[in-house]
Protein chains: 2
Amino acid sequence: MRDLEGYFKGLSDVTRLRIMNLLLQGELCVCDIQRIVEGSQPTVSRHLNYLKHSGLVLDRRDGLRVFYRLAKENNADLRALHHFLRRVFKGKGVLENDVKELKDAMARGACAVPTPFRAGKPVPSDATASRAPLQAS
Amino acid sequence: MRDLEGYFKGLSDVTRLRIMNLLLQGELCVCDIQRIVEGSQPTVSRHLNYLKHSGLVLDRRDGLRVFYRLAKENNADLRALHHFLRRVFKGKGVLENDVKELKDAMARGACAVPTPFRAGKPVPSDATASRAPLQAS
DNA sequence: ATTGTATATGCGGATAGGCGAATAAGGCAA
DNA sequence: TTGCCTTATTCGCCTATCCGCATATACAAT
């Protein structure tokens, strides 16, 4: 009940909706999210913090990076919510474009980790160029 | 997208969630809603107005009373939302108790109109005692 | 320790939301 | 008209969000 209210507050912002849409694709690091939603770094960080305190996402640190993922573990409401979000996010131009940009970034070597997150380093194949995570090789 | 943000803002309050839960049962007049959520009359009115401007509910006046109902007409997102709400509202003590109180009130002759709202007077069988809509006969 | 990168937090101002108290407005009935 | 009932709106106050800017923290590498 209070949980629900919190979830909805968390979703009451376009930027956070875009972030949730991205996280439905899998775990992502802050820098990749920021690059796609094009907000200032503090703004994105605060939105992520808001989502975290709403109980919608979880985070973990790996070295310099912090990775965010949906908090779906053993919670029926959250699973229903994800199902609903996947449904209503369909056909929303901005959101679908964000996913497209994300896929492009991943293909070019973003620092994100594929869906069922693996424990290792988040850096892709050619790990030497670690300065700008999204630079093409 | 903006619509979605508005829907979620509309749902970001416990009182409004309770109202939405009641309206899932069918069209209701303000006085019945107020009696159940136990807020002040201005507070309930403002929440209803907020829901209306979020695009979540519609209203119509019938004499002294104003009736509110869910705005589901030809909108796929709203239909998905209602489905989701029905799902997550299940098992929430406060909400289920509200519905119980609503059904009791209807049985005692509330001013509400059954689900697919009929056009006639909202007053139940014994229309003479119209002072306090929820008084038992 | 120092430097550099990634992320978080503090502060200030602007805007929005929430509630109580009082008042206004819409509508029926005598 | 007057009076009454139901609902909406205004006002004032307080709290919560949102953002930009600056600064702090966490970590890695040298």
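Remember, it's a predicted structure, so these values are computed and weren't measured experimentally. Think of each chain on its own: its residues are numbered from 1, step by step along the sequence as written. Both sets of labels track the order of writing: A upward for chains, 1 upward for ligands. Local features are withheld for residues below a pLDDT of 70 in this predicted model, meaning they are given only at 70 or higher, and side-chain atom pairs are given and counted only at 80 or more; totals for whole chains, interfaces and linings count all residues. Just so you know, side-chain values use all the structure's heavy atoms and leave hydrogens and water out.

Enquirer: What exactly am I supposed to notice about the relation of the copies chain B and chain A here?
Expert: The relation between the two copies of this chain is a rotation about an axis and a shift parallel to it. Least squares is the method used to superpose the copies, on C-alpha atoms of residues holding a pLDDT of at least 70 in both. Expressed as a screw transformation, the operator carrying chain B onto chain A has a rotation angle of 180 degrees and an axial translation of 0.0 Å, and the superposed copies differ by an RMSD of 0.0 Å. Taken together, the turn and the small shift mark the pair as related by a two-fold rotation axis. Residue Phe8(B) of chain B places its C-alpha closer to the rotation axis than any other residue of that unit, at 2.6 Å. Of the interface residues in chain B, 100% have counterparts in chain A that sit at the interface too, so the contact is made through matching surfaces. Should any heavy atoms of two residues lie within 4.5 Å, those residues are considered in contact.

Enquirer: Got a minute to help me understand the protein's contact with DNA strand C in this structure?
Expert: The criterion for a residue being near a molecule or strand is simple. One of its heavy atoms has to lie within 4 Å of it. Taken together, 23 residues form the shell around DNA strand C, and within it Gln41(A), Ser45(A), Arg46(A), Tyr68(A) and Arg46(B) come nearest. The sugar-phosphate portion of DNA strand C accounts for 57% of its atoms within 4 Å of the protein, the bases making up the rest. Whenever two N or O atoms come within 3.5 Å, that pair is a polar contact, provided that in protein one can donate a hydrogen and the other can accept it, and provided that, for residues adjacent in sequence, both atoms are side-chain atoms. Within the backbone of Val66(A), one N or O atom sits 3.3 Å away from a phosphate oxygen of DNA strand C. Between DNA strand C and the protein, one listed contact pairs a phosphate oxygen with a side-chain N or O atom of His47(B) at 2.9 Å. Numbering goes from the N terminus for both helices and strands, where a helix is a DSSP run of H or I of at least four residues and a strand is a run of E of at least two. Mapped by element, the contributors of at least two residues to the surface near DNA strand C are α3 (30–37), α4 (41–53) and β3 (65–70) of chain A together with α4 (41–53) of chain B. Residue contributions to the surface near DNA strand C peak at five residues, all from α4(B). Looking at the surface near DNA strand C residue by residue, the class counts come to 10 nonpolar, six polar and seven charged. Classification used: nonpolar for Ala, Val, Leu, Ile, Met, Phe, Trp, Tyr, Cys and Pro, charged for Asp, Glu, Lys and Arg, polar for all others including Gly.

Enquirer: Even after reading the chapter, I still don't get the sheet that holds strand β2 (residues 57–62) of chain A, so can you show me in this structure?
Expert: Hydrogen bonding along the main chain pairs the strands of a sheet, whether they run parallel or antiparallel. All names here are of chain A. The three strands lie next to each other as β1-β3-β2, forming an open sheet whose pairing is antiparallel. For this open sheet the edge positions go to β1 (28–29) and β2, each flanked by a neighbour on one side alone. Where β1 and β3 come together, two bridges link them in antiparallel fashion. Paired with Leu28 across the two strands is Tyr68, which belongs to β3. Two strands form a pair only when DSSP identifies at least two bridges running between them.

Enquirer: Would you take a moment to explain the packing of aromatic side chains for this structure?
Expert: Aromatic rings in a pair are described by how distant their centres are and how their planes are angled relative to each other. Aromatic pairing here means that ring centres of Phe, Tyr or Trp (its six-membered ring) are within 6.5 Å. Orientation follows from the plane angle: under 30 degrees is stacked, over 60 is edge-to-face, and everything else is tilted. Following the criterion strictly, the structure yields four aromatic pairs over all chains and no others. An angle of 25 degrees between the planes, with centres 5.9 Å apart, marks the rings of Phe8(A) and Phe8(B) as stacked. Here Phe8(B) lies in helix α1 (residues 2–10) and Phe8(A) lies in helix α1 (residues 2–10), a pairing that spans two chains. Exposure class is identical for Phe8(A) and Phe8(B). Each is buried. Pairing Phe84(A) with Phe84(B) gives two aromatic rings, centres 5.1 Å apart and planes at 10 degrees, and the pair type is stacked. Residue exposure (1.4 Å probe, protein chains only): buried if accessible area is under 20% of the type maximum, exposed if over 50%, otherwise partly exposed.

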